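Understanding the architecture of this molecule
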Amino acid sequence: MYGYRGSLARYLKKIGAKIGDRIRIQKAGSSYEGALMPRSELGETSHLVLKLPSGYNLGVKVTKWTKIVKIGEGKPPKLGMPSIKIKRDPSKPDVTIVGSGGTIASRVDYRTGAVFPAFTPEEIYGAVPELGGLANIKVIEACNVFSEHMTPELWVKIGRAVARELNSGASGVVVAHGTDTMGYTAAALSFMLKGLFRPVVLVGSQRSSDRPSSDAALNLISAVTVAGRSEIAEVCVVMHGSTEDDFCLIHRGTKVRKCHTSRRDTFQTINDVPLGMVRDGELKLFRDDYNRAKPEGRVKVDGKFEPKVALVKVFPAMRSEVLDGLVSAGYKGIVLEGTGLGHAPESLFEGIKRTIGRGIPVVMTSQCIWGRVNMRVYSTGRDLLQLGVIPGEDMLPETAYIKLMFALGHTSKLDEISEIMRTNLAGEITPRTRPDAFLKPVFSPKAGV
Amino acid sequence: MGLNYEKLGLRVGFEIHQELGTHKLFCNCPSELRDEEPLLEVKRRLRPTQSELGKVDRAALAEAIKGKVFRYQVTDNVCLVELDGEPPHPVNEEALDIALEAALLLNAKPLDEVHTMRKIVIDGSNTCGFQRTILVATDGHVEVNGKRFRIPTICLEEDAARKMGEGAELIDYRLDRLGIPLVEIATGPDFSAPYTPAKAALYIGQLLRATGKVKRGIGTIRQDINISIAGGARQEIKGVQELTLISTVIEREVQRQLALLEIRDELRRRRAGKVTKRMIDVTNVFSKSGSRVIREAIGAGGAVLAVKLPKFAGLLGKELQPGRRFGTELADCARLYGKVGGLFHTDELPGYGISQEEVDRLRKITDAAEGDAVVFIADVKEKAEAGLNAVVDRANQALDGVPEETRRALPDGNTEFMRPLPGAGRLYPETDIGPIPITRDRLNKIRKRLPELPEQKVKRFIKEYDLSQDLARRITLSENVGLFEEIVKKYRVDPTLVASTLEETLVSLRRDGVPVENLNKKHLADTFKLLSLRKITREPIPQILSTLARKPREKVEKILDELGLKAMSIRELEGMVSGIVDNNIEIVREQGENSHKILMGILMREVRGRADGKKVSEILREKIKSRLKG
């Protein structure tokens, strides 16, 4: 019962106390009266949580001398904004929000048991009334998991939901997603959705939507703007562009990475510049090499992914047994995050040779995150190429991992896989490395530091 | 003011907020304020998220929030936690220990397990939109002047950001103060006179300082006061920094509530009904106005909107507190909700560049009869509308008397509107921090090192140092209590002299205009050291201290030279006494031992504090005796 376990849970049941009921507790000179609250699953099992009339919560350790009396009925606490009903306006674009779980779409706080509103358009309008002026919102749910629990099957489930909405007339689709693996899902959708003719926008939040400082509202407004009002017929991620509540950047789904554990501007376009930005409801595009939206079209889902692919970071004392272990566990492909330009220690060469020898592709990316691999500069790189390692160009390791799953879903021939991995399918490989596509310096000499 | 507060049903309680002397509550940043230019500034917005804020028109609320920007100044002593760019770290255990120590000193019962709560505050003073607060103990009490006052709750919470400036669209905050741990001690509404709360607050402040783990100085201890009178309503008055202001704030709040009740009664007598939100565009009336404010607003594309307050004529000009009228209260609301600069109302017109003719036209267009008041705002139309909406809401509250509000204390003891009084619903759990059990071990450790309570100290001072009850109490409650014990333990001096010098002499010197704030601990300690070495006598101490206060950089010895106050040696003194006796040998012979009194007067004028009077008297008596014999 809401985090209560063992004898305390049994006792509460016996006295008929439910969450929200008014309770009196008496023990050794102290007496507390308040509403019974859910127990955090992180806490000790012997404590009972009360909400005092002042609003404060406290925990009371229950021993056999503690007296608990139910003194009144109550309701579980409800958080959230009152919902708003808005009539469909045919002059506005129709945007479907596909829920997948994560901070934006949270329904129940599992840790506190607090009940959040269900995920309906009314409640979305209630929480972010500005959306009513932008689009007619429809809400569906593809799944409800924290993004770290995403799987290839769920990517396909989300992909099918997106395709269904676009094919039945939505101007654009927004996918509400946890931020941890949003980049992976964005890449998966980028490879999966064929014939995309309208925007697909992934959005999330770094500060949960139950706090007044949440970035969720600005992110959601910006995402709906891109989905409903832009001509970008690609999979992209729209999130805060700075630590201020000022603008959101539009990142291409195959070039975007979560780069900070907690900042609002955690998502960065790597090795490229973002597609554009949204500020005060206005779209501003930085480039024109994106796939233009068309009024008509049909999206097909190519959902064939090989789940047994590993993404492995190379480290100094790494030995071949790491790869041997993966091979014997049945892995069908390996993406290495090599050092520097795409290197690995000699101690790994034998393992790589054995892996490729068994027909398992090994793709090289760089743990530098920024830059392109180039395995012809040093002899180590040349040796690795000789062993048959496939260079991953300027692909993000995470994107290369998704792409290898996708490639293996379609063929197991090494030469075909090598061909696919080295061909740009969805903007994941750029032909030129732009000089302006790197971190902004912390100190600028111009500022006279 | 001569009001019978008891009869008025005055009920006062207060909350003390004391900053603790440890690093921040939810991160490792130092608890220190900075004055330098910020490294960077970050602009953010906040939105209401919880329905407990009350039923509000969502669209209007969204409008009100729009454009309200908070600009946070980041100095190099803050981190991403203050900037809400990183979740809070686990609670500062030292701060929790200090809060528990305070709870035990206040006879309160610590909880078995404490929970961190979020208290929703969206005025920007907390970057995340809530203040984190932890209820630590309940059910305490203190005794002041033999009377017991309840302390229902003791909380540990984080301080808010420092407000640096406010414009109509933007508020500047500095993040250095955000997150500094505070203990919040709330009394019950147990006070029924304006003067006792300050005494109780002083006592609690003393208790807290007794821990030696709290900050001292301006702004490190602040009081919020809860006030109500019968028929009125509870007000929470925020941020009273000086104890001396408490009674004024209470008196003036009573005055305000009484005036608001008079306004209510008058409105009832006039049979005033509910004010409607019918706004009329009166821009045309003021197109050639003599008021610069109005001309500029219209010139910038704005409008002048007016609303009629039926039967309110004359009441907007009614004074609620010295210099603050009912119209000022309406303007507070308009500024807050509409972000407008201010408003005009017919009770103060013609004036401010507005002519009688304009007033007449305004009344005509708004269909205002003689007994009606008209309020108008010149600004961007949406803002003027939001402002007038707030004015109407506030005017309607006047029909019922006094609304419950959170108000800000102004330096003169007046108060201004901040926001409606929040309900319990604005507290909800901080999910980023788990519950913290308070173990018996932890409490026992804290109990073992509890500092001496003031009442224990008074008893000890009477016993150990033979102080009078009154002086013992005064020195105990003084900030000089530490110095007092230091001096009497280190030097052989009369404790009563030390205590009365610290508590009485300094006060009377201050009254005489001596800058005693220049005196530091060393000045005082050095003076008593000289006394213990018999280099000075007790008489000239006030003179020495006042000279030191004026020349705080001089050495005490040098000042003694300057004043000619070095104590005389016994031989010098004997010489002087012999001289005086010889010079007045006639009197000695005539009056015998009775001549002592006259000669003593002459002698003391000569000695001028360079010798102890008792000693002088003793030597004189001997000399007279020996002369009479010889």
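Residues numbered from 1 in each chain as written. Chains lettered and ligands numbered in written order. Predicted model: local features only at pLDDT ≥ 70, side-chain atom pairs only at ≥ 80, totals over all residues. Heavy atoms only, no water.

We now examine the overall build of chain B. Summing up its helical and strand segments, chain B has 21 helices and 23 strands in all. The C-alpha atoms of chain B give a radius of gyration of 33 Å, which is well past the 25 Å a tight globule of 630 residues would have. Projected onto its principal axes, the C-alpha positions of chain B cover 110 × 65 × 50 Å. When burial is assessed residue by residue, chain B has 55% of its 630 residues classed as buried. Counted over contacts in chain B with a minimum sequence separation of 6, partners at least 24 positions apart contribute 73%. (Helix = DSSP H or I, 4+ residues; strand = E, 2+ residues; numbered from the N terminus. Rg over C-alpha atoms; globule rule 2.2 N^0.38 Å. Buried < 20%, exposed > 50% of the residue type's maximum accessible area, 1.4 Å probe, protein only. Contact = heavy atoms within 4.5 Å.)

For the rest of this paragraph, the subject is the overall build of chain A. A count of helical and extended segments in chain A gives 10 helices and 21 strands. Reported as C-alpha extents along the three principal axes, the dimensions of chain A are approximately 80 × 60 × 55 Å. The proportion of buried residues among the 449 residues of chain A is 56%. Partitioning the contacts of chain A with sequence separation of at least 6, the portion at a separation of at least 24 is 70%. As displayed, chain A has an accessible area near 19500 Å², and 53% of this comes from carbon and sulfur atoms. (Areas by Shrake-Rupley, 256 points an atom, 1.4 Å probe, with all protein chains shown as cover.)

Attention now goes to the domain arrangement of chain B. Domain assignment breaks chain B into domain 1 (11–267), domain 2 (279–398), domain 3 (452–563) and domain 4 (570–629). Taking only C-alpha atoms into account, the centre of domain 2 of chain B sits 84 Å from that of domain 4 of chain B. (Domains from an automatic or database assignment.)

Opposite the 51 residues of chain B that make contact, chain A presents 49 residues. Both sides of the chain B and chain A interface together cover about 4000 Å² of buried area, and 52% of this is carbon and sulfur. Joining chain B to chain A, the criterion identifies 7 salt bridges. Here Glu113 of chain B and Arg39 of chain A are joined by a salt bridge, their closest N and O atoms 2.7 Å apart. Counting residues per element, the ones that place at least two in the side of chain B that touches chain A are strand 2 (40–44), helix 2 (58–65), strand 4 (109–110), strand 6 (116–120), strand 7 (130–144), strand 8 (147–158) and strand 22 (427–429) of chain B. No other element matches strand 7 of chain B, which puts 6 residues into the side of chain B that touches chain A. (Buried area = accessible area lost by both parts, 1.4 Å probe. Salt bridge = Lys/Arg side-chain N within 4 Å of Asp/Glu carboxyl O.)

Further remarks concern the domain arrangement of chain A. For an interface, size is often stated in terms of accessible area lost upon the parts coming together. The domain architecture assigned to chain A consists of domain 1 (6–72), domain 2 (94–301) and domain 3 (309–422). Between the C-alpha centres of domain 1 of chain A and domain 2 of chain A there is a distance of 41 Å.

Tracing the sequence through the fold places Thr116 of chain B in strand 6. Aside from chain neighbours lying at most four places away, what touches Thr116 of chain B is Phe26, Arg132, Thr133, Ile134, Pro429, Glu430 and Ile433 of chain B.

The predicted coordinates of low-pLDDT regions are not to be read in fine detail. Within chain A, residue pLDDT values average 90, and 91% of them lie at 70 or more. Taken as a whole, residues 110–118 of chain A scores under 50 in pLDDT and shows 35 contacts with residues more than four places along the chain or in a different chain. (pLDDT = per-residue confidence, 0-100.)

This paragraph deals with helix 15 (residues 521–532) of chain B. Residues and elements named next belong to chain B. Its 12 residues place the ends of helix 15 17 Å apart at the C-alpha level, agreeing with the 16 Å of an ideal helix rising 1.5 Å per residue. Where helix 15 is concerned, the buried positions are His523, Leu524, Ala525, Thr527, Phe528, Leu530 and Leu531. The inward-facing, buried residues of helix 15 abut helix 13 (481–490), helix 14 (495–511), helix 16 (541–550) and helix 17 (556–563). Regarding helix 15, its N-cap is Asn520, as a side-chain oxygen of that residue lies 3.1 Å from the backbone nitrogen of Lys522 further along. One or two positions beyond helix 15, positive phi appears at Arg534, with a value near 60 degrees. (Expected span 1.5 Å × (residues − 1). Polar contact = N/O pair within 3.5 Å; in protein donor to acceptor, adjacent residues only side chain to side chain.)

Glancing now at the sheet that holds strand 6 (residues 94–99) of chain A. Consider a sheet: its strands pair through backbone hydrogen bonds, and that pairing is either parallel or antiparallel. Residues and elements named next belong to chain A. Taken in spatial order, the 8 strands make up an open sheet running 7-6-8-10-11-12-15-16, and their pairing is mixed. For this open sheet the edge positions go to strand 7 (136–141) and strand 16 (282–285), each flanked by a neighbour on one side alone. Recorded for the sheet is a direction-independent mean angle of 25 degrees between the axes of neighbouring strands. Where strand 6 lies against strand 8 (residues 172–176), 5 bridges are found, and the strand directions are parallel. Along strand 8, the bridge assignment pairs Thr96 with Val173. Lying on the sheet, helix 4 (residues 182–192) is in contact with strand 10 (200–203) and strand 11 (235–240); it crosses strand 11 at an angle near 155 degrees. Strands strand 6, strand 7, strand 8, strand 10, strand 11, strand 12 (247–252), strand 15 (276–279) and strand 16 of the sheet are contacted by helix 5 (residues 216–229), whose axis makes an angle of about 150 degrees with strand 11. (Pairing = 2+ DSSP bridges. Axes fitted to C-alpha atoms, helices over the stretch in contact; angles between N-to-C directions.)

This part is about the sheet that holds strand 4 (residues 57–61) of chain A. In space, the 7 strands of this open sheet follow the order 5(A)-1(A)-2(A)-3(A)-4(A)-5(B)-23(B), with antiparallel pairing throughout. The two strands at the open ends of the sheet, each matched to only one other strand, are strand 5 (67–72) of chain A together with strand 23 (436–437) of chain B. For strand 4 of chain A and strand 5 (residues 113–114) of chain B, the ladder comprises 2 bridges, and the chain directions are antiparallel. Bridging across to strand 5 of chain B, Leu58 of chain A finds its partner in Val114 of chain B. Helix 1 (residues 6–14) of chain A contacts strand 2 (30–37), strand 3 (47–51) and strand 5 of chain A of the sheet and is inclined by roughly 50 degrees relative to strand 3 of chain A.

So, on to the pattern of salt bridges. With the rule as written, the count across this model stands at 84 salt bridges over all chains. The salt bridge partner of Asp84 of chain B is Arg207 of chain A, with a shortest N-O separation of 3.7 Å. Within this pair, whereas Asp84 of chain B is found in the loop between strand 3 (69–74) and helix 3 (93–105), its partner Arg207 of chain A is found in the loop between strand 10 and helix 5, the two belonging to separate chains. In this structure, Asp84 of chain B and Arg207 of chain A share a single accessibility class: buried.

A few words on the environment of Leu249 of chain A. All names here are of chain A. Along the chain, the position of Leu249 falls in strand 12. Judged by relative accessible area, which is 13%, Leu249 ranks as buried. Those residues in contact with Leu249 that sit more than four places away from it in its chain are Val237, Val238, Met239, His240, Gly241, Pro274, Gly276, Met277 and Phe286.

All names here are of chain A. Summed over all chains, the structure comprises 17 aromatic pairs over all chains. Between Tyr184 and Tyr401 the ring centres are 6.0 Å apart and the planes differ by 80 degrees, which places this aromatic pair in the edge-to-face class. Taken together, the residues Tyr184 in helix 4 and Tyr401 in helix 9 (residues 397–408) connect sequence positions 217 residues apart. The partly exposed category is assigned to Tyr184, whose relative accessible area is 23%. (Phe/Tyr/Trp six-rings, centres within 6.5 Å; stacked < 30°, edge-to-face > 60°.)

Glancing now at the nonpolar core. The biggest cluster of nonpolar side chains holds 117 residues, and the ones touching the most others in it are Leu48 of chain A together with Leu309 and Phe312 of chain B. Apart from the residues lying within four places of it in its own chain, the contact partners of Leu309 of chain B are Val275, Leu316, Leu330, Asp372, Ala373, Val375 and Ala395 of chain B. In terms of nonpolar packing, the next biggest core, distinct from the first, is built from 81 residues, Cys143, Phe197, Ile232 and Met421 of chain A among them. (Core = buried A, V, L, I, M, F, W, Y, C linked by side-chain atoms within 4.5 Å.)

It is worth spelling out helix 14 of chain B at this point. Residues and elements named next belong to chain B. Given a rise of 1.5 Å per residue, 17 residues ought to cover 24 Å, and the 24 Å separating the end C-alpha atoms of helix 14 matches this to within 8%. Along helix 14, the largest kink reaches about 40 degrees and is centred on Thr501. Taken together, the buried positions of helix 14 are occupied by Pro495, Leu497, Val498, Ala499, Ser500, Thr501, Leu502, Glu503, Thr505, Leu506 and Leu509. Those residues of helix 14 that are buried are in contact with helix 11 (454–465), helix 12 (469–477), helix 13, helix 15 and helix 16. Where helix 14 begins, the capping side chain belongs to Asp494, and its oxygen is found 3.1 Å from the backbone nitrogen of Thr496. (Bend = angle between axes of the 7 residues up to and from the residue.)

On to the packing of helix 20 (residues 595–607) of chain B against helix 21 (residues 613–629) of chain B, then. The axes of two packed helices give the description: the angle between them and the distance between them. Residue and element names in this part refer to chain B. Viewed as axis vectors pointing N to C, helix 20 and helix 21 meet at an angle of 130 degrees, and their least axial separation amounts to 10 Å. Looking at the two axes, helix 20 sits oblique to helix 21. Between helix 20 and helix 21 the crossing geometry is right-handed. Side by side, helix 20 and helix 21 meet where Ser595, His596, Leu599, Met600, Leu603, Met604 and Val607 of the first sit next to Gly613, Val616, Ser617, Leu620, Arg621 and Ile624 of the second. By residue class, the composition of the contact of helix 20 with helix 21 is 8 nonpolar, 4 polar and 1 charged. (Parallel < 35°, antiparallel > 145°, perpendicular 65-115°, else oblique. Left-handed = near helix turned anticlockwise from the far one by under 90°. Nonpolar A, V, L, I, M, F, W, Y, C, P; charged D, E, K, R; others polar.)

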